[in-house]
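Residue strings, one per chain:
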Protein chains: 2
Amino acid sequence: MTADSDATATATATATAGAKAQPARMRADALRNREHILRAAREIFAAQGPDAPLDEIARRAGVGVATLYRRFPDRSDLIRGVAVEVFTALGEAALVARDERAEPFEALRTFMHAALDLKLGSVLPALMGRVAMDEVLDGVRQDAADPIQELLTQAQAAGTLRPDVLFGDIALMLMRISRPLPGEPLAEDGDLAHRQLEIYLDGLRTPGATAPRAELPGPAVDIGWFKRIRAHVIGKAPGSPPGPQI
Amino acid sequence: MTADSDATATATATATAGAKAQPARMRADALRNREHILRAAREIFAAQGPDAPLDEIARRAGVGVATLYRRFPDRSDLIRGVAVEVFTALGEAALVARDERAEPFEALRTFMHAALDLKLGSVLPALMGRVAMDEVLDGVRQDAADPIQELLTQAQAAGTLRPDVLFGDIALMLMRISRPLPGEPLAEDGDLAHRQLEIYLDGLRTPGATAPRAELPGPAVDIGWFKRIRAHVIGKAPGSPPGPQI
DNA sequence: TCTAAGTGGAGAAAAACTTTCCACCTACGG
DNA sequence: CCGTAGGTGGAAAGTTTTTCTCCACTTAGA
C-alpha cells in the first residue's frame, strides 16, 4: 500500500512503473478510489484468477467501470499495480515480524499469519505469469523476498526451524493456504486457514528427539527459484501456454 | 470410477442420479468416451472452477462437444457425475490405505498422498455449491467420509495423531493443497504438494515431550459440519449467492 | 454384412466482457 | 461561498467467449 500510493502521489515524470506518469497530483477522493480498486482487484484476482471480469472488480470497489479504466487503462496496468502492492505489504510484514518477536521461529509464525490475513500470497502466482518483470517490479519483489529469507535463515540458525525447509516451502504454502476455497465463499474460511497454518508450523519445527522424521521429499524450491521466474516469464507473451497441457 | 461405470452400465430404469435413465446398455466406445469426459471434467473443474467452458472439457477429453452434450445435457449433470466419481474414489482410497498399513498414522499418510495424487479433493468445494444433494449423492459422500473419519479415530486411539485434529483439518487441507496453483501451470506443482503434505503431516503428529504446543485455534470443523452442508445447499438454487459477498 | 448407436465439427444464438462517451458531481484554491 | 478543473457513474455499442443444435459420416456388434 504505502509504497504504491507514494509512487503515485509523488509521481513526477519518472518513466517508471505506471507507464503513464500521473499529472503531478491526484485529488484526495480519486486517490481513495484508487486504493479501493487495488484492494478489490487483489481480492477478486485471488479468488478468480487474473482473468476475472474488470466489471466485477469495479463493483466490489464501489466505483464505476469508467473510474477503473481511467486509472488503469489496461488489464496489465491493474495487475502490475496489485503486484507492487502485494510485494510491498509482504516485505513489510516480514520486517515487522522480525522486529516484534525475539525468537526467530515466533517471528516466522507471526509473519505467516500476517501474510494470511492480508490475503496476499494467493494473488502472486496468478499474477506472475501476466506481467513482464521490469526493474521496478523486480525491485519490490526482491524487497519482499529478502526479509522473508532472512526470517528462515535466522530461525534455522537458532535451531528451531527444520534445516531442510526452503523458501518455497513457506511461500508456496502461503499461496495455497491463503487462497479462498473455490465455490460458495465459506464463512469459516479465514479462521480455518489460520488453524491449518498452525498445524503446518508445527510441522516446520525442528523435530524433537521423540519422533524421528524422514527427509522431506520433492523438489527443492529455494529463493533462487523465485528469482529464476523472471527469466521464465520475460520471454512469454500473455497468451496461452506452449507445451502439452498438464 | 468403479461405482460410476457400474451405475451406468447396469442402468435399468431406476429413476436415480442421472435423471435420464440410459436405455439399458451403452456401446463400449461410448462408455469409454464417457470416462474420458469425466476425467477431463475433473481436471478442468479442479483447475478452473465449476464454470469452466464445456468446450474445453470436450477438447481435453478428445471428443466432440456434441458427445459431451449427448451424455450430459446439462452442466449440472456433468458436475454431478464428477462428484459421484470423486466421492467414490476418495472412499476407496481410504479403505485401501487402511488395509495396506498396520500403523494407523501411516494409513492416514498413505491415504492423504493418494488423495493428492488423484487430484480429487480440489474439485469438491467447487462442486458442492452447484449440485443439489439427493439420496444418491448423499450416499456416496457418506461412503467416502466414514472411512476417512475412521482413519482419524484409529490414529488418535493409537496416540500417534494429535487428539484435537478434526475431520475438516484433513479434508479441507486436502482441498487446498491438491488445488493447482493459479496461473501458468507449474511443472513442480504436484511434487511440491506432496512435500508440503509431508510437513503438514508432521504437524499432525502427536507432539513429543520436547516441544510444547498451543491448542489449535479456529473453528472446529468436524465430520458433522460436512453433513450439515447438505441442508446448506439444498435450499439454494444454482444461481448467485444471496448475502453480501465475502 | 447390416444397422442402430455413436460421432465430430460447423455455425447460429446467446451470454459475458470490454471499452467509450457524456451529462452530472465535488474537492479545493481563491 | 463560489468557480472550475478534475473526477464520477452508468448506459450502450462493440467485441469476444461460450453454449447448444443439426446433420452427414463412422463403427461396434449381432
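As a reminder, the structure under discussion sits directly above these lines.
Residues numbered from 1 in each chain as written. Chains lettered and ligands numbered in written order. Predicted model: local features only at pLDDT ≥ 70, side-chain atom pairs only at ≥ 80, totals over all residues. Heavy atoms only, no water.

**Observations concerning the overall build of chain A**
Piece 1. The number of helices and strands found in chain A is 11 helices and zero strands.
Piece 2. Secondary structure elements of chain A, listed N to C terminal, follow the sequence α-α-α-α-α-α-α-α-α-α-α.
Piece 3. Sequence separation of at least 24 residues holds for 74% of the intrachain contacts in chain A that already meet a minimum separation of 6.
Piece 4. Looking at chain A as shown, the accessible area adds up to about 11000 Å², and 56% of this sits on carbon and sulfur atoms. (Helix = DSSP H or I, 4+ residues; strand = E, 2+ residues; numbered from the N terminus. Contact = heavy atoms within 4.5 Å. Areas by Shrake-Rupley, 256 points an atom, 1.4 Å probe, with all protein chains shown as cover.)

**Considerations on the protein's contact with DNA strand D**
Piece 1. Looking at DNA strand D, there are 21 residues lining it, with N33, A66, T67 and R70 of chain A together with Y69 of chain B nearest.
Piece 2. A breakdown of the atoms of DNA strand D within 4 Å of the protein gives sugar and phosphate a share of 60%.
Piece 3. The contact in question runs from a base nitrogen of DNA strand D to an N or O atom on the side chain of R27 of chain A, over 2.8 Å.
Piece 4. Contacts to DNA strand D include R70 of chain A, whose side-chain N or O atom sits 3.0 Å from a phosphate oxygen.
Piece 5. Ranked by the residues each element gives to the surface near DNA strand D, the list is headed by helix α4 (residues 65–71) of chain A, at four residues. (Near = heavy atom within 4 Å. Polar contact = N/O pair within 3.5 Å; in protein donor to acceptor, adjacent residues only side chain to side chain.)

**Digging into the environment of P53 of chain B**
All names here are of chain B.
Piece 1. In this structure, P53 sits in the loop between α2 (28–48) and α3 (54–61).
Piece 2. Overall, P53 belongs to the partly exposed group, its relative accessible area being 38%.
Piece 3. Separated by 22 residues in the primary sequence, P53 and R75 place their C-alpha atoms 9.8 Å from one another.
Piece 4. Not counting residues within four places of it along the chain, the set of residues in contact with P53 comprises Q48 and R75. (Buried < 20%, exposed > 50% of the residue type's maximum accessible area, 1.4 Å probe, protein only.)

**Observations concerning the protein's contact with DNA strand C**
Piece 1. Not every one of the 22 residues close to DNA strand C is listed here, only the nearest: Y69 of chain A together with R27, N33, A66 and T67 of chain B.
Piece 2. Near-protein atoms of DNA strand C (within 4 Å) split between backbone and bases, with sugar and phosphate holding 64%.
Piece 3. Contact distances for DNA strand C include 3.0 Å between a phosphate oxygen and a side-chain N or O atom of R70 of chain B.
Piece 4. Of all the elements in the fold, those that place two or more residues in the surface near DNA strand C are α2 (28–48), α3 (54–61) and α4 of chain A together with α2 and α4 (65–71) of chain B.
Piece 5. The element contributing the most residues to the surface near DNA strand C is α4 of chain B, with five residues.
Piece 6. The class makeup of the residues in the surface near DNA strand C is 11 nonpolar, four polar and seven charged. (Nonpolar A, V, L, I, M, F, W, Y, C, P; charged D, E, K, R; others polar.)

**Topic: the nonpolar core**
Piece 1. Among the nonpolar cores identified, the biggest contains 140 residues, and L78 and F111 of chain A together with L78 and F111 of chain B are the most heavily contacted of them.
Piece 2. Leave out the neighbours within four places in its chain, and F111 of chain B touches L90, A93, A94, A97, I148, L151 and L174 of chain B. (Core = buried A, V, L, I, M, F, W, Y, C linked by side-chain atoms within 4.5 Å.)

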